[in-house]
Structures are given as C-alpha cells and as structure tokens.
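Descriptive structure summary
Here's the letter readout for the chains.
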Amino acid sequence: MNNNYEILAQRSKKVIYKDGDTVLKVFDSDYSKADILNEALNQARIEETGLNVPKLLEVSKIDGKWAIRLEYIPGKTLKELMDENPERIDEYLQLFVNIQKEVFSKKAPLLNKIKDKFNRKISASRYDATTRYELHTRLDSMKDHNKICHGDFTPSNIIITPGDDYYILDWSHVTQGNAAADAARTYMLFCLKGQDEIAEKYLNMFCKANDTAKQYVQRWMPIVACTQSVKGKENEAEFLDRWVNVVEYE
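A brief report on the enclosed structure follows. (Residues numbered from 1 in each chain as written. Predicted model: local features only at pLDDT ≥ 70, side-chain atom pairs only at ≥ 80, totals over all residues. Heavy atoms only, no water.)

1. Description of the overall build of the chain
- On a plain count of helices and strands, the chain comes out with ten helices and ten strands.
- A principal-axis box enclosing the C-alpha atoms of the chain has dimensions of 55 × 45 × 35 Å.
- The proportion of buried residues among the 250 residues of the chain is 46%.
- Considering only intrachain contacts with a sequence separation of at least 6, the fraction spanning at least 24 residues in the chain is 65%.
- Taken as a whole, the chain presents about 12,900 Å² of accessible surface, with 46% of it coming from carbon and sulfur. (Helix = DSSP H or I, 4+ residues; strand = E, 2+ residues; numbered from the N terminus. Buried < 20%, exposed > 50% of the residue type's maximum accessible area, 1.4 Å probe, protein only. Contact = heavy atoms within 4.5 Å. Areas by Shrake-Rupley, 256 points an atom, 1.4 Å probe, with all protein chains shown as cover.)

2. Details of the side chain of Asn157
- Following the sequence through the fold, Asn157 ends up in the loop between β7 (147-149) and β8 (158-160).
- By relative accessible area, which is 9% here, Asn157 ends up buried.
- What Asn157 contacts, discounting residues up to four positions off in sequence, is His150, Asp152, Tyr167, Ile168, Leu169 and Asp170.

3. Describing helix α6 (residues 179-192)
- Over its 14 residues, α6 runs 20 Å from end to end, which matches the ideal 20 Å to within 8%, given 1.5 Å per residue.
- Counted residue by residue, α6 has 13 buried out of 14 residues, so it is predominantly covered.
- Among the residues of α6, the N-terminal cap falls to Asn178, whose side-chain oxygen and the backbone nitrogen of Ala180 are separated by 3.0 Å.
- Positive backbone phi, approximately 75°, marks Gly194, located one or two places after α6. (Expected span 1.5 Å × (residues − 1). Polar contact = N/O pair within 3.5 Å; in protein donor to acceptor, adjacent residues only side chain to side chain.)

4. Description of the pattern of salt bridges
- Overall, the coordinates contain 14 salt bridges when judged by the stated rule.
- Here Glu91 ties to Arg88 by a salt bridge, and the two come within 2.6 Å at their closest N and O atoms.
- The exposure class assigned to Arg88 is partly exposed, which follows from its relative accessible area of 33%.
- The partner of Glu102 in a salt bridge is Lys106, with the nearest N and O atoms 3.9 Å apart.
- For Lys106, a relative accessible area of 22% gives the class partly exposed. (Salt bridge = Lys/Arg side-chain N within 4 Å of Asp/Glu carboxyl O.)

5. Focus on the pairing of strand β4 (residues 56-62)
- Here β4 runs beside strand β5 (residues 65-71); their pairing, made up of six bridges, is antiparallel. Each residue of the ladder has a partner; that of Lys61, found in β5, is Trp66.
- Between β4 and β5, which pair antiparallel in sequence order, lie two residues; one of them, Asp63, sits at a positive phi of approximately 50°. (Pairing = 2+ DSSP bridges.)

6. Digging into the sheet that holds strand β1 (residues 6-11)
- Strand order in the open sheet formed by five strands is β1-β2-β3-β5-β4, with antiparallel pairing between adjacent strands. Looking along the sheet, the strands with just one partner apiece sit at the ends: β1 and β4. On average, adjacent strands in this sheet sit at an angle of 20° to one another, irrespective of strand direction.
- Looking at chain direction, strand β2 (residues 14-19) and strand β3 (residues 22-27) are connected through six bridges and run antiparallel. When the bridges of β3 are listed, Tyr17 appears paired with Leu24. (Axes fitted to C-alpha atoms, helices over the stretch in contact; angles between N-to-C directions.)

7. With respect to the sheet that holds strand β6 (residues 76-77)
- Pairing within the open sheet is antiparallel, and its three strands lie in the order β6-β8-β9. Each edge of the sheet is formed by a strand with only one pairing partner; in this case those strands are β6 and β9 (166-168).
- Both β6 and β8 contribute to a ladder of two bridges, which runs antiparallel. Note on β8: the bridge partner recorded for Lys76 is Ile160.
- Where helix α3 (residues 89-104) meets the sheet, it contacts β8 and β9, and its direction lies at approximately 55° from that of β9.

8. Points about the packing of helix α5 (residues 129-141) against helix α9 (residues 221-229)
- It is at 10 Å that the axes of α5 and α9 come closest, and there the two elements cross at 125°. Considered as vectors, α5 and α9 are oriented oblique to each other. The two elements α5 and α9 cross, and the hand of that crossing is left-handed. Between α5 and α9, the contacting residues are Leu135, Arg138 and Leu139 on the first element and Pro222, Ile223 and Cys226 on the second.
- Classifying every residue of the contact of α5 with α9 by side-chain character gives five nonpolar, no polar and one charged. (Parallel < 35°, antiparallel > 145°, perpendicular 65-115°, else oblique. Left-handed = near helix turned anticlockwise from the far one by under 90°. Nonpolar A, V, L, I, M, F, W, Y, C, P; charged D, E, K, R; others polar.)

Here you go:
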C-alpha cells in the first residue's frame, strides 16, 4: 500500500483510506469476491437513483487485495455534529429522518429483496426451530414493498458538507423492501450503542414523518434482532435474545 494514504477507518476485514480526492476501501485477501463486487454494483445502482452518494470510480486489486475506489466527500458525519452540538440533537435527528424518507422515495428494482435476505439470516441463526418458525411466519406476514432500504442507516453514514449538502455513505447492505424494517434496524442500532433516549426520539419522528404506526415498526424488531445475531457478537447476544424472544409472548 502507498504510505501516503491516510487511514479514515478500520473495520473488520477492511481498511478505508483517503487518497487525494478519492476514498479507497481495501478488503482482506480472504474477503468474498462476490460480496465485494455486489457492494460495487449496489453503489452503482443507488447512484443511478439520483440520491446524493459518493460516485463509484473503480474496482481494482492492490497488492493482491480487492479494493473499491469512491469519490471523497469532505465534511463531518452527522454523528460528529450530534456529539459536538448536543443541544441541537432534535434538529439533527429531524434531518436524519428527512434524509431517510428521501431514500425511501426512490426505487431500484434490481436490488435484492429484504425479505429474501432476512429469511436466509433467520435460517442461519442460532435460535431453535420453534423460534425460527415464528420469525419466518412473522416475516412472511409483513407487507411487500419496494422502497430502498439502506440496511445500516446511522448518523455515522451521513456526511454533511461545508456547504450543508448531505451525502449518504456505505451501501453494502442495501436491499429493497418495507421501510418499517429499515426503521426498526436503525432503532436497534441506536439501542445497541446504549442510546435508548435517542432511539425513542428517532422512532417517534420517523413514525410522524412517514405516517406509520409505532406498533408496525415494533413488529419488525424481533426479526431485525435475529438478523443482527448472525454476526455473532458476544456483547450483543443478551440484548438481541430479549428482542427475539418477544415473539414467544405475543
């Protein structure tokens, strides 16, 4: 790797570098080639919707490792702005919800379907056959929609530029499906970080902005908790188990 690259972030099995006015996402050599190419394809498909996203520039190999090069977007993440200006949290959350609503307004018919992805993850989870059956049944009963669902919609994936434009990052988990599923996942991600108060504010704002019943989003929560559990993070297991086991009592 070029020593002039600035490391922006290190994730499991990938490192993200800044290289001039581009960003380079370099994957470990054992990372699935199919997943990398699918991520690049997802990025290209979202770019075609007209949403503000970094442009995909190339997919290449560097020192034997696959890499995706994207346009670099200067600015601060919405998470950074929220941390720096806690008194403006409601304003930032409203912006966050408005951006998510804009995402839902777009269509990308060739994206994978969220129900297919969730069914695979439920089947792959460590829960017993009865719980998996209940989750599959619940998922099957949910309405089929074709809205773009980001899959990891958090304030750290929104960049606010110096000119106050916003850009949405990281489309590796995107699917098409029911917006309430994506909202349930965002709510869960806030809770997993111990931000319960922000999670509740977000959910109330989301439901108001999208004229959606809170109970409808909550019905997705055992499902999204199960799909998250497949990542096998021990520190999340107890929390996710509590959410998943709600299906036994309803």
